[in-house]
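# Observations on the three-dimensional arrangement
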Amino acid sequence: MNTVQTLLDAVKDIWSQYHVHPFVLGIRDGTLDREKFRYYIIQDYLYLMDYARTFAIGVAKARSKETANLFAKYIAVMNGELDVHSGYMGKLGVTQEEVETAKQSLDSLSYTSYMLRVAYEDGEAEILTAILSCAYSYEVIAKKMVADAPDSVNDPFYGDWIRGYASERYAGENAVLLDILEKMTGQYTESQLDHLKEIFVACSRYELAFWEMSWNRKL
């Protein structure tokens, strides 16, 4: 069994909860309270700052030029994702000053602190594993939204979010990350794979907590 499948099997029960969470269902159905989404957009913007820093540490930890370039490229990819957020900020009337003075929620801070700890203490494969729980789960969530409610992509407000994460372009970016992780871990021992599972499970639990935090607008 390959590494990615091993990781996905370890979080199957956690990821299944994403699809039935009221925040996710609200995006899919176009019924989510805009104030909840506004809170989410601000918190996710703050989260992405540390997410990009995790990629940056990956550049320093990379053992090959190929991997260093991969991590560096995804720092630039993050700028594209932040552009999407900026579009929603305009729609929701969120100013740059508001974002810069916003307080990161405790759940989000715990999540990014964990990712950064992994980045500082572990190697390139572990960093990639921590990153993937967010990157790949968003693709899985969005594609299931489209499968369950095909017209969701046409929602005048949430359609942009769904189309972005369900797009072939986004899937292609994830495919590169998944392929590199497989290559990195081809000779990993059972103990090393167990450590990767521990990281992936922890970050997946944090993802679920992020949806819950956003639903409750919890600081």
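Residues numbered from 1 in each chain as written. Predicted model: local features only at pLDDT ≥ 70, side-chain atom pairs only at ≥ 80, totals over all residues. Heavy atoms only, no water.

Here we take up the overall build of the protein. Counting its secondary structure elements, the protein contains 11 helices and 0 strands. Along the three orthogonal principal directions, the C-alpha set of the protein runs to about 45 × 40 × 30 Å. Looking at the protein as a whole, 52% of its 219 residues are labelled buried. Considering only contacts in the protein between residues 6 or more positions apart, those separated by 24 or more positions represent 84%. On the protein, roughly 10300 Å² of surface is accessible, and the fraction owed to carbon and sulfur atoms is 52%. (Helix = DSSP H or I, 4+ residues; strand = E, 2+ residues; numbered from the N terminus. Buried < 20%, exposed > 50% of the residue type's maximum accessible area, 1.4 Å probe, protein only. Contact = heavy atoms within 4.5 Å. Areas by Shrake-Rupley, 256 points an atom, 1.4 Å probe, with all protein chains shown as cover.)

The next thing to look at is the packing of helix 2 (residues 12–19) against helix 11 (residues 190–216). In contact at an axis separation of 10 Å, helix 2 and helix 11 are set at 20° when each is read in the N-to-C sense. One way to sum up the angle between helix 2 and helix 11 is to call them roughly parallel. Here helix 2 and helix 11 pass one another in a crossing that is left-handed. Residues Ile 14, Trp 15, Gln 17 and Tyr 18 of helix 2 lie in contact with helix 11, whose contacting residues are Phe 200, Val 201, Ser 204, Arg 205, Glu 207, Leu 208 and Trp 211. (Axes fitted to C-alpha atoms, helices over the stretch in contact; angles between N-to-C directions. Parallel < 35°, antiparallel > 145°, perpendicular 65-115°, else oblique. Left-handed = near helix turned anticlockwise from the far one by under 90°.)

What follows is about the nonpolar core. Buried together is how nonpolar side chains tend to be arranged in soluble globular proteins. One finds Ile 27, Phe 37, Tyr 40, Tyr 51, Trp 161 and Trp 211 to be the most contacted residues of the largest nonpolar core, which totals 72 residues. It is helix 8 (residues 124–148) that provides the largest number of residues to this core, a total of 13 residues. Residues in contact with Trp 161, not counting those within four places in the same chain, are Ile 27, Phe 37, Tyr 40, Tyr 88, Tyr 138, Met 145 and Trp 211. (Core = buried A, V, L, I, M, F, W, Y, C linked by side-chain atoms within 4.5 Å.)

Our next topic: the packing of helix 4 (residues 34–61) against helix 11. Relative to each other, helix 4 and helix 11 sit at 140°, their axes nearing to 8 Å. On the basis of the axis angle, helix 4 is oblique to helix 11. Counted together, Lys 36, Tyr 39, Tyr 40, Gln 43, Asp 44 and Tyr 47 of helix 4 and Glu 207, Phe 210, Trp 211, Met 213, Ser 214 and Trp 215 of helix 11 form the full contact between these two elements. Looking at the contact of helix 4 with helix 11, its residues break down into 7 nonpolar, 2 polar and 3 charged. (Nonpolar A, V, L, I, M, F, W, Y, C, P; charged D, E, K, R; others polar.)

Now for helix 9 (residues 159–166). Gly 159, Trp 161, Ile 162, Tyr 165 and Ala 166 are the residues of helix 9 that are buried. The buried side chains of helix 9 occupy one side of the element, clustering within an arc of 165° when seen end-on. (Arc of directions from axis to C-beta.)

It is worth spelling out the pattern of salt bridges at this point. Think of it this way: side chains of opposite charge can pair up when their charged atoms draw near. Considering all chains together, one arrives at 12 salt bridges under this definition. Its salt-bridge partner being Arg 28, residue Asp 29 comes within 2.8 Å of it at the nearest N-O pair. According to the relative accessible area criterion, Asp 29 is partly exposed, its value standing at 42%. Its relative accessible area of 22% is what places Arg 28 among the partly exposed residues. In this structure, Arg 169 and Glu 173 form a salt bridge, with 3.8 Å as the shortest nitrogen-oxygen distance. (Salt bridge = Lys/Arg side-chain N within 4 Å of Asp/Glu carboxyl O.)

As a further point, take empty space enclosed by the protein. Applying the stated rule across the entire model yields 1 cavity of 30 Å³ or more. Quantified by volume, the largest cavity comes out at close to 40 Å³. Residue lining of the largest cavity: Val 4, Leu 7, Leu 8, Leu 132, Tyr 136, Leu 178 and Phe 200, and that is the complete set. Contributions of two or more residues to the lining of the largest cavity are made by helix 1 (3–10) and helix 8. In the lining of the largest cavity, the residues fall into 7 nonpolar, no polar and no charged. (1 Å grid on protein atoms, 1.4 Å probe; cavity = no way out; pocket = protein on both sides within 12 Å on 5 of 7 lines; lining within 4 Å. Points joined across faces, edges and corners; volume = space filled by probe spheres on them.)

Here Ala 52 is to be found in helix 4. Put simply, Ala 52 and Gly 87 are 35 residues apart on the chain and 19 Å apart in space, counted from C-alpha to C-alpha.

Our focus in this paragraph is helix 11. An ideal rise of 1.5 Å per residue puts 39 Å on 27 residues; helix 11 measures up with 39 Å between its terminal C-alpha atoms. For helix 11, the complete set of buried residues consists of Leu 196, Ile 199, Phe 200, Ala 202, Cys 203, Ser 204, Glu 207, Leu 208, Phe 210, Trp 211, Met 213 and Ser 214. (Expected span 1.5 Å × (residues − 1).)

Following the criterion strictly, the structure yields 26 aromatic pairs and no others. Ring plane angle 55° and centroid distance 5.3 Å describe the contact between Phe 23 and Tyr 40, whose orientation is recorded as tilted. Remark: Tyr 40 occurs in helix 4 and Phe 23 occurs in helix 3 (residues 22–29); sequence separation between them is 17 residues. Take Phe 23 and Tyr 40: they sit in the same class, and that class is buried. With 4.9 Å between their ring centres and 80° between their planes, Phe 37 and Tyr 158 make a pair best called edge-to-face. Taken together, the positions of Phe 37 in helix 4 and Tyr 158 in the loop between helix 8 and helix 9 put the pair 121 residues apart, joining distant regions of the chain. The ring of Phe 157 has Arg 34 lying over it, and the distance from NZ or CZ to the ring centre is 3.8 Å. Sitting over the ring of Phe 157, Lys 91 keeps its end group 5.7 Å from the ring centre. (Phe/Tyr/Trp six-rings, centres within 6.5 Å; stacked < 30°, edge-to-face > 60°. Lys NZ or Arg CZ within 6 Å of the ring centre and 35° of its normal.)

Keep in mind that these numbers describe shape and distance, not what the molecule does.
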